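In case you want the letters, here they are:
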Amino acid sequence: VQATSRQWLTKCVPLRIQLLRIVVHLIFNITMHPRVKVYKLSEEGEWQDKGTGHISLEYMEQSDAMGLLILAEENQKTLLVHKIRPEDQMYQRGEESTIITWHDFELNSDVAISFQEQIGCEHIWNQIVQVQAEVQKRSSEGPRLDKQESQPSGEYLFVDEKGLELPWPELNTIEEISRVLNNASPFQRDRLVPTLLKPNWIPKLIDVFKQAEDLDDSATLAHMYGAVKGAIMLNDAAVLEELLKDQYVMDIVGALEYDPELKSPQPHRQFLNTSVAFKEVVPIKDPTILAKIHQTYRTQYIKDVILPRTLDDATYATLSSLTLFNNVE
């Protein structure tokens, strides 16, 4: 009987891993690269099926703007490239609908995008609305150059139509870092990621957090909360992986304790260090596996306890995917 049980478990474990990988793949693609059908209105007033593919929001270098890109799922052929326009009522979507329509001036025709899943439609719709708001804001303000007074250390913010850079983390630059990360438009977010991934940038940010906490500097700690939240909301897998590393994650949790919208700091680190007990049903000797287990729990805690009212659907799905990937590994 024991031999039969072992054989059954040997067969089931690989199957479980395969199923988890399928689930992770589905969650990632439904949210980040939704599956869609593309339709174009013919001169006879009939909707013509132009193919099935996956849609994403991309930066279009030639026009220096954000646009929708749809690639065919079979051969990655481009089905549609559309620069997002700022006009009100340009895009139409009914309540809880999975179809987005608009009149494409370049094609001189109406276009409809039908999404397989509603969560994917909501994700792209929210991105379109955000891009429109950013373009309208820039149009009303005109080109601008924001530059802080020179400080004795690091690089400093430079904002124009082509992008921006983050200052080096210091006690006197955390407010600016928080502002930039939380106000960056979708096409600026990708350009912020390389700065966060520079050697020693995140360790320096954490060092500044420790300084502010030692000084009991409530104003800087509130901005630190904004900076860390903004970094998470960039929704970049590499940035999230770095922030959630074992040597950083408790300080990241600590920074998230100082939400300025709450009356007092929340004791998240105390709860994780004293109230949570890790029990091994089966002894685990591999330190890498243990680290993954702890990272998975802390990621779920950040997602479900600390930031549930803040995270958008895309970031929530990415964090969920990271925990699933850890479970698969």
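One can find the structure itself at the top, above this paragraph.
Residues numbered from 1 in each chain as written. Predicted model: local features only at pLDDT ≥ 70, side-chain atom pairs only at ≥ 80, totals over all residues. Heavy atoms only, no water.

(A) Structural context of helix H6 (residues 218-233). With 16 residues, H6 ought to run about 22 Å at 1.5 Å a step, and its terminal C-alpha atoms sit 23 Å apart, in line with that. Within the span of H6, buried status applies to Thr-220, Leu-221, Met-224, Tyr-225, Gly-226, Ala-227, Val-228, Gly-230, Ala-231, Ile-232 and Met-233. Just beyond H6, the residue with positive phi is Asn-235, at close to 60°. (Helix = DSSP H or I, 4+ residues; strand = E, 2+ residues; numbered from the N terminus. Expected span 1.5 Å × (residues − 1). Buried < 20%, exposed > 50% of the residue type's maximum accessible area, 1.4 Å probe, protein only.)

(B) A look at the environment of Asp-49. Assignment of secondary structure puts Asp-49 in strand S2 (residues 47-60). Overall, Asp-49 belongs to the partly exposed group, its relative accessible area being 44%. The spacing of Asp-49 and Val-38 is 11 residues in sequence and 6.1 Å in space, taken between C-alpha atoms. If sequence neighbours within four positions are ignored, Asp-49 has contacts with Lys-37, Val-38 and Tyr-39. In this structure the side chain of Asp-49 is engaged in a polar contact, spanning 3.3 Å, whose partner is the side chain of Lys-37. A polar side-chain atom of Asp-49 sits 2.9 Å from the main-chain amide nitrogen of Gly-51. (Contact = heavy atoms within 4.5 Å. Polar contact = N/O pair within 3.5 Å; in protein donor to acceptor, adjacent residues only side chain to side chain.)

(C) Quick peek at the pattern of salt bridges. All chains considered together, the criterion is met by 14 salt bridges. Between Asp-251 and Lys-210 there is a salt bridge, with its nearest N and O atoms 3.8 Å apart. Of this pair, Asp-251 sits in helix H8 (residues 249-255) while Lys-210 sits in helix H5 (residues 201-214), and the two are 41 residues apart along the sequence. Taking the relative accessible area as the measure of exposure, Asp-251 reaches 16% and is therefore buried. A residue is classified by how much of its surface remains accessible, and Lys-210, at 40% relative accessible area, is partly exposed. In this structure, the salt-bridge partner of Glu-257 is Arg-269, at a minimum N-O distance of 2.8 Å. On the criterion of sequence distance, the pair formed by Glu-257 in the loop between H8 and helix H9 (268-275) and Arg-269 in helix H9 is long-range, its members being 12 residues apart. The residues Glu-257 and Arg-269 share a single accessibility class, namely buried. Beyond isolated ion pairs, a larger network of salt bridges with shared partners links Glu-170, Lys-204 and Asp-207. (Salt bridge = Lys/Arg side-chain N within 4 Å of Asp/Glu carboxyl O.)

(D) Layout of the packing of aromatic side chains. Throughout the structure, instances matching the rule amount to three aromatic pairs. Where Tyr-91 meets Trp-102, the ring centres are 5.5 Å apart and the plane angle is 65°; that geometry is what we call edge-to-face. In this pair, Tyr-91 is assigned in strand S5 (residues 91-92) and Trp-102 in strand S6 (residues 99-104), connecting sequence segments 11 residues apart. On the basis of relative accessible area, Tyr-91 is assigned to the buried category, the value being 5%. (Phe/Tyr/Trp six-rings, centres within 6.5 Å; stacked < 30°, edge-to-face > 60°.)

(E) Region of the structure containing the packing of helix H3 (residues 174-183) against H6. Two elements in contact, H3 and H6, have axes whose closest approach is 8 Å; the angle formed by their N-to-C orientations is 35°. Seen from above, H3 lies across H6 with left-handed handedness. In contact with Ile-174, Glu-175, Ile-177, Ser-178, Leu-181 and Asn-182 of H3, H6 contributes Thr-220, His-223, Met-224, Gly-226, Ala-227, Lys-229, Gly-230 and Ala-231. When the residues that make up the contact of H3 with H6 are grouped by side-chain class, the tally is six nonpolar, six polar and two charged. (Axes fitted to C-alpha atoms, helices over the stretch in contact; angles between N-to-C directions. Left-handed = near helix turned anticlockwise from the far one by under 90°. Nonpolar A, V, L, I, M, F, W, Y, C, P; charged D, E, K, R; others polar.)

(F) Focus on unusual backbone geometry. Of note in this structure, Gln-89 is not a glycine but carries a positive phi near 65°. As for its position among the elements, Gln-89 is in the loop between strand S4 (78-83) and S5. For Gln-89, a relative accessible area of 64% gives the class exposed. Look at Asn-235: it is not a glycine, yet its phi comes out positive at around 60°. Secondary-structure assignment places Asn-235 in the loop between H6 and helix H7 (237-243).

(G) Seen up close, H9. Of the residues making up H9, those classed as buried are His-268, Arg-269 and Leu-272. Down the axis of H9, the sector holding all buried residues measures 105°, keeping them to one side. Opposite the buried face of H9, at more than 90 degrees from it, the exposed residues are Gln-270, Thr-274 and Ser-275. (Arc of directions from axis to C-beta.)

(H) Structural detail: the nonpolar core. Counting residues in hydrophobic clusters, the biggest one holds 45 residues, and the most contacted among them are Ile-232 and Leu-256. With eight residues, H6 is the largest single contributor of residues to this core. Ignoring any residue separated from it by four or fewer positions in sequence, one finds Leu-256 in contact with Tyr-225, Val-228, Lys-229, Ile-232, His-268, Ile-302, Ile-306 and Leu-307. Core analysis: the next-biggest nonpolar cluster, separate from the first, contains 21 residues, Leu-68, Val-111, Phe-115 and Val-131 among them. (Core = buried A, V, L, I, M, F, W, Y, C linked by side-chain atoms within 4.5 Å.)

(I) Quick look at the pairing of S6. Side-chain alternation along S6 places Ile-100, Trp-102 and Asp-104 on a buried face and Ile-99, Thr-101 and His-103 on a face that remains uncovered. Judged from the two bridges that link them, S5 and S6 form a sheet pairing that is antiparallel. When the bridges of S6 are listed, Tyr-91 appears paired with Trp-102. Counting the residues that bridge the hairpin from S5 to S6 gives six residues, and of these Glu-96 lies at a positive phi of roughly 60°. For S6 and strand S7 (residues 109-115), the ladder comprises six bridges, and the chain directions are antiparallel. Residue pairing for S7: Asp-104 is matched across the bridge by Ser-109. If you look at the hairpin formed by S6 and S7, you'll find four residues sitting between the two strands, and Asn-108 has a positive phi there, around 55°. (Pairing = 2+ DSSP bridges.)

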